[in-house]
Amino acid sequence: MEKDSIFKIIYRFFDLIVLTYIVFDFGYSIHEEYHTPKFIGLVLITIALFAFNIFKYFYYKSKGRKKVAFVNSIIIGALLLISLVISIINIDSHYLDVLRKIRPILEAGLIFYFIIRLMILVRYVYEVYYNPAIVFVGSFFAIIILGSFLLMLPNATTNGISFTDALFTSTSAVCVTGLIVLDTAVDFTTVGQTIIISLIQIGGLGILTFTSFFAFFFRGSSSFKEGLNVRDFIAQDTLKDVLKTALNVVVFTLSVEIIGAIFIYTSIYENPEIEDKLFFSVFHSISAFCNAGFSTMSNGLSEFHLQFNYYMQWVLIIMIVFGGLGYNIVFNFYQLIKTNVLEFFDRSRIHKQVSIMTLNSKIVIYTTGLLLVGGFCFLSFSEMNNSLLLHDTVFGKITTTAFNTVTPRTAGFNTMDFSTFTVPTLLFIIFLMWIGASPASTGGGIKTSTFALATLNIFSIARGKSRIQLFGRRISSESTSRAFAILCISLIVIGFAIIGLLIFEPKGTDLLTVVFECFSAYSTVGLSLGLTPNLTEPSKYIIIGTMFIGRIGMLNLMIGMLRQINHQFYEYPKENILIN
């Protein structure tokens, strides 16, 4: 026990050293004469970590700890070996030049090591404290605060940043919103933009999903409490294979983002206006799939050299739709295709009578399809003699209409100035923003299934039915009640946000602009009519709170904070209340 305590102290010492080095290396600029000691310190820290993990591997007895130490040793050892090969190849060069070449490799190793340690810390937190809703909300809050301090590092911005603006940007990134008070292209350096896209990736997937991914990757299993926490985030009904699902979510996300980045790169590789094309492609791929809407261009995709790049816009449309559908629907659809293909090539297989597509998947797909088709038709009609006149070809008009139908459903990219749209178009876009994406996706809003259940319930009541029946299934009353609770809470939160902005913004501020801003913030869309950069200090905090509540869901927060009532084995007399 005493030796274990000493190991924990050494662990924390290394964690502190690694964190300090990473922060000062990326966050601060130092004088040229201190570069040599910094590079040498990087090599010594890496060697010390390698030796420590080798010692842990032989010291620990449990398989889980030995596996973590082994993987750490392999990764750090491989980085040291690569660095040694590079040093031998460049043996005739000045030692400082050699250190500069191996620096990125060793830095990547330190960052990866620290991420693993952070995931272990998060696992420890929700193993000792079990409340899925509070852990879920707390993980987002912790990442937002951490992101705020990282964005305040001197090397993250070109001219410095206030805490309020850093908190706003971090919240917008983690909540995958896209509203910005500073120009991402101008006011943030490459380091700052990297921090932003990292926050978007973590916010889109959720820290709990990442934690479970590392747990499954290193140990192949997890605790019961961990399964309960992750199940709530990825919307699994049971604990069966919940950690495997989390692993599939991370692998699927990274795979789609890599493929998307490749297609984006092919669409802009001849564009002379974009300097770092690889970073641009990766940034926009992650931003699109996570439905974040951040861009490294000052005017977003409405820049002249991107506004008519229809190929890239279709790539982004596909990625936004994939990210907004939700992992359950994508995996369910994959299972359907897989089963049909296997049955087609193997006639001896027994066809299952039970439908592979779940009722949830059917509702989401039908609702999403209806919104896309309906939105396309409405925008084609309302913008026919307005914004669509900028595009000469029919294909250009179709692409622009399709893009502006998809992006309000929490993506937030813009290929034109939304303030030029007609009022009917803006009102319809507000409606699309409010509905948002689908459950267990990277998008926000009240969700397609919530809107569908609320609509179906209205028709059921009008027909005198006491329950909703669809596709041969009866929808539970709990789902209907939850849908109406989410719907009402969203309108209440947005309403208070609108009132707050009208109080703190200058007199004469356009009401439609304020309403648009608040719906965009709550639904984590990121579209704006130009109000965000000019918000007053109190208004910024209102939007911050609105984005946070919109991402985590007010109902989740209330469930976590309010005491759960035990099942009651009695009922009070029933009495009807006059309504309408």
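Thresholds, definitions, all that
- Residues numbered from 1 in each chain as written.
- Predicted model: local features only at pLDDT ≥ 70, side-chain atom pairs only at ≥ 80, totals over all residues.
- Heavy atoms only, no water.
- Helix = DSSP H or I, 4+ residues; strand = E, 2+ residues; numbered from the N terminus.
- Expected span 1.5 Å × (residues − 1).
- Buried < 20%, exposed > 50% of the residue type's maximum accessible area, 1.4 Å probe, protein only.
- Axes fitted to C-alpha atoms, helices over the stretch in contact; angles between N-to-C directions.
- Parallel < 35°, antiparallel > 145°, perpendicular 65-115°, else oblique.
- Contact = heavy atoms within 4.5 Å.
- Nonpolar A, V, L, I, M, F, W, Y, C, P; charged D, E, K, R; others polar.
- Phe/Tyr/Trp six-rings, centres within 6.5 Å; stacked < 30°, edge-to-face > 60°.
- Lys, Arg positive; Asp, Glu negative; His and termini not counted.
- Salt bridge = Lys/Arg side-chain N within 4 Å of Asp/Glu carboxyl O.
- Polar contact = N/O pair within 3.5 Å; in protein donor to acceptor, adjacent residues only side chain to side chain.
- Patch = residues over 30% accessible without salt bridge, like charges linked within 9 Å, V, L, I, M, F, W, Y side chains within 5 Å.
- Areas by Shrake-Rupley, 256 points an atom, 1.4 Å probe, with all protein chains shown as cover.
- Core = buried A, V, L, I, M, F, W, Y, C linked by side-chain atoms within 4.5 Å.

A. The arrangement of helix H20 (residues 477-504) in detail. For H20, built from 28 residues, the straight-helix expectation of 40 Å at 1.5 Å per residue is met to within 8% by its first-to-last C-alpha distance of 41 Å. Here H20 has its buried residues at Thr-480, Ala-483, Leu-487, Ile-489, Ser-490, Val-493, Ile-494, Ala-497, Ile-498, Gly-500 and Leu-501.

B. Layout of the packing of helix H6 (residues 163-174) against helix H8 (residues 190-205). Direction vectors running N to C along H6 and H8 enclose 45 degrees, while the axes themselves pass 7 Å from each other. Judged by the inter-axis angle, H6 sits oblique to H8. Counted together, Thr-169, Ser-170, Ala-173 and Val-174 of H6 and Ile-196, Leu-199, Ile-200, Gly-203 and Gly-204 of H8 form the full contact between these two elements. Tallied by class, the residues present in the contact of H6 with H8 amount to five nonpolar, four polar and no charged.

C. Looking closely at the packing of aromatic side chains. Taken as a whole and judged by the stated rule, the model has ten aromatic pairs. Plain terms: the ring middles of Phe-279 and Phe-283 are 5.9 Å apart, the flat faces sit at 45 degrees to each other, and that makes the pair tilted. Separated by four residues within a single helix, Phe-279 and Phe-283 lie in helix H12 (residues 277-289), roughly one turn from each other. Aromatic side chains Phe-378 and Phe-428 sit 4.4 Å apart centroid to centroid with 20 degrees between the ring planes, which places their arrangement in the stacked category. Taken together, the residues span a long stretch of sequence, with Phe-378 in helix H16 (residues 359-382) and Phe-428 in helix H18 (residues 423-435) at a distance of 50 residues. On the basis of relative accessible area, Phe-378 is assigned to the partly exposed category, the value being 29%. Ring pairing ties together the aromatic residues Phe-378, Phe-428, Phe-431 and Phe-451, which thus form one cluster.

D. Focus on the side chain of Arg-551. By the element assignment, Arg-551 lies in helix H22 (residues 537-552). Here Arg-551 occupies a buried position and makes no salt bridge, while the nearest side chain of opposite charge, Glu-257, is found at 11 Å. Polar contacts involving the side chain of Arg-551 include one to the main-chain carbonyl oxygen of Gly-203, which spans 2.7 Å. With residues up to four places along the chain from it excluded, the contact list for Arg-551 reads Phe-140, Val-174, Cys-175, Val-176, Gly-203, Gly-204, Ser-441, Thr-442, Gly-443 and Thr-524.

E. Broad picture of unusual backbone geometry. With phi around 55 degrees, Asn-291 is a residue other than glycine that occupies positive phi space. The residue Asn-291 is located in the loop between H12 and helix H13 (304-307) in this model. By relative accessible area, which is 0% here, Asn-291 ends up buried. Notably, Thr-524 is not glycine yet its phi reads approximately 50 degrees, a positive angle. Of note, Thr-524 is situated in the loop between helix H21 (511-522) and H22.

F. Representation of a nonpolar patch on the surface. Among the surface-exposed residues, Phe-333, Ile-337, Val-341, Phe-344, Phe-345 and Ile-365 lie close enough to one another that they form a single nonpolar patch of about 600 Å² accessible area. Among the elements that line the nonpolar patch, the one with the most residues is helix H15 (residues 327-345), at five residues. Inspection of the secondary structure assignment puts Phe-344 in helix H15.

G. Structural detail: the nonpolar core. Counting 67 residues, the largest nonpolar core has Phe-168, Ile-196, Ile-200, Met-433, Phe-516 and Ile-543 as its most contacted members. Those elements that provide at least two residues to this core are helix H5 (132-151), H6, H8, H12, H18, H20, H21 and H22. Here this core gets eight residues from one element, more than from any other, and that element is H18. The contacts of Ile-200, once residues within four sequence positions are left out, are Ala-173, Val-176, Ile-286, Ser-287, Cys-290, Ala-292 and Phe-294.

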